[in-house]
Amino acid sequence: MLLAQVVSPDDESQPDRIARVEQLLLREAPGADLVVLPELWSAGYFSFDAYADRAEPIDGPTVAMGRRVARATGAAVHLGSIVERDGSGRLFNTAVLLDRDGRVTQTYRKIHVFGYRSLEAELLTPGDRLSVTGSPVGALASTTCYDLRFPGLWQQISSRGAESVVVPAAWPAARREHWQLLTRARAVEHQLFVIAVNACGTQRGVELGGSSRVVDPSGLVLAECGADEQLLAVDIDPARVAEVRSEFPVIADRLVDYAGLSADAGAEPEA
Ligand SMILES: O=C(O)CCC(=O)C(=O)O
């Protein structure tokens, strides 16, 4: 697998960025089974005033580039996410997975759009669906950036059979410790691989955190990028999920219906 932690400089146009990243991937991806990119790298997460211009349908220029890379290199490509425009003009933050033949096998529209020092929540429509799909890293689910903070969503992802969760992000450096803590916590809680690919560099004055990483189902950080643009190869064995779960059966012990638990205080009855 190749983590493609790429920069999205403010002075680079979207077509130039797509062309530059395509060349990088054509050079570095051969031999990888899966390539993963960050959230909104082609539009630039913090370029809110350009979202409408840079929005594209699923079959737009970013996905077309991913298809070419998949077909030329034989790697499946997780494109991070794009600003997707649907048929009725709504905009979404949509993660897209292509198989090695360049076919779209999964899309995921970010559910928790972000509103803290961000216009994303104003401009984009939240998604309302999850999907788990076969991939070179086992049963794969996508969930984007801020979604990392919502354990209820992860509970659903995990109970639907995900073995690897890809987290494309544009997570600021100011909260890098939360990124490191939460990516590890989600892997340990659900005994699955977390493949988290963040943006890096500076966008509109915001420093992004980099530190893209792969955490294994026991919580071990297998690899981590630095703060700058970097393409990092990591190999994982999806069979590790079943091994860890059988050795330490947290998932089997999980009680599914927590919502049905009584709210009784459990105090001693009054005499
Ligand atoms: O939760 C955070 O601290 C960062 C979230 C974020 O930047 C995003 O969802 O794009």
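Residues numbered from 1 in each chain as written. Predicted model: local features only at pLDDT ≥ 70, side-chain atom pairs only at ≥ 80, totals over all residues. Heavy atoms only, no water.

### Side note on empty space enclosed by the protein
What counts is decided by this rule: Each cavity reported here is a set of points on a 1 Å grid over the protein atoms alone in which a 1.4 Å probe fits but cannot get out, each pocket an open set with protein on both sides within 12 Å along at least five of seven lines, and each lining residue one with an atom within 4 Å of a point. Grid points are joined across faces, edges and corners, and a volume is the space filled by probe spheres set on the points. Ten residues, namely Ala, Val, Leu, Ile, Met, Phe, Trp, Tyr, Cys and Pro, are considered nonpolar, four, namely Asp, Glu, Lys and Arg, are considered charged, and the remaining ones, Gly among them, are considered polar.
Within this structure, the stated rule accounts for one cavity of 30 Å³ or more. A volume near 100 Å³ is recorded for the largest cavity. Forming the walls of the largest cavity are Glu39, Tyr45, Phe46, Lys110, Phe114, Cys145, Tyr146, Arg149, Ala170, Trp171, Pro172 and Arg175. Considering only residue class, the lining of the largest cavity consists of eight nonpolar, no polar and four charged.

### Remarks on the site of the ligand
Selection criterion: By convention in this text, a residue qualifies as near a molecule or strand provided that one of its non-hydrogen atoms is within 4 Å of it. Under the rule applied, a polar contact is a pair of N or O atoms within 3.5 Å (in protein, one hydrogen donor and one hydrogen acceptor; residues adjacent in sequence only if both atoms are side-chain atoms). Using a 1.4 Å probe, accessible areas were evaluated by the Shrake-Rupley method; residue-level cover was limited to the displayed protein chains. Whether a molecule sits in a cavity or pocket is decided by its atoms, more than half of which must lie within 2 Å of the grid points.
Neighbouring the ligand are Glu39, Tyr45, Lys110, Phe114, Cys145, Tyr146, Arg149, Ala170, Trp171, Pro172 and Arg175. Between Glu39 and the ligand, the recorded distance is 3.3 Å, taken from a side-chain N or O atom to an oxygen atom. Residue Ala170 places a main-chain N or O atom 3.2 Å away from an oxygen atom belonging to the ligand. Contact with the protein chains hides 99% of the accessible area of the ligand, taken as 290 Å² for the molecule alone. The cavity that encloses the ligand is the largest cavity. Tallied by class, the residues present in the shell around the ligand amount to seven nonpolar, no polar and four charged.

### Some thoughts on the pairing of strand β1 (residues 2-5)
How we decide: With a 1.4 Å probe rolled over the protein chains alone, any residue whose accessible area is under 20% of its type maximum counts as buried; one over 50% counts as exposed, and the rest are partly exposed. Strands here are runs of E lasting at least two residues and helices are runs of H or I lasting at least four, both read from the DSSP assignment and numbered beginning at the N terminus. Note on pairing: DSSP must find at least two bridges between two strands before they are called paired. When the strands point away from the viewer, a crossover counts as right-handed if the route from the first strand across the helix to the second turns clockwise.
Neither face of β1 is left uncovered, since the one carrying Leu2 and Ala4 and the one carrying Leu3 and Gln5 both have all their residues buried. In terms of strand pairing, β1 meets strand β14 (residues 230-233) through four bridges, oriented antiparallel. Bridge pairing in β14 links Leu2 to Ala233. With two bridges connecting them, β1 and strand β2 (residues 34-36) associate as parallel partners. When the sheet's bridge partners are listed, Leu2 is paired in β2 with Val35. For the handedness criterion, the β-α-β arrangement of β1, helix α1 (residues 14-28) and β2 is classed as right-handed.

### Points about the UniProt feature "domain: CN hydrolase" (unreviewed entry) in the protein
Basically, it comes down to this: UniProt positions are given in the numbering used here, feature names are shortened, and annotations may be inferred rather than shown by experiment.
Mapped onto this numbering, the UniProt entry gives "domain: CN hydrolase" (unreviewed entry) at residues 1-238. Measuring from the first to the last C-alpha atom of residues 1-238 gives 12 Å, for a span that is 25% helix and 26% strand.

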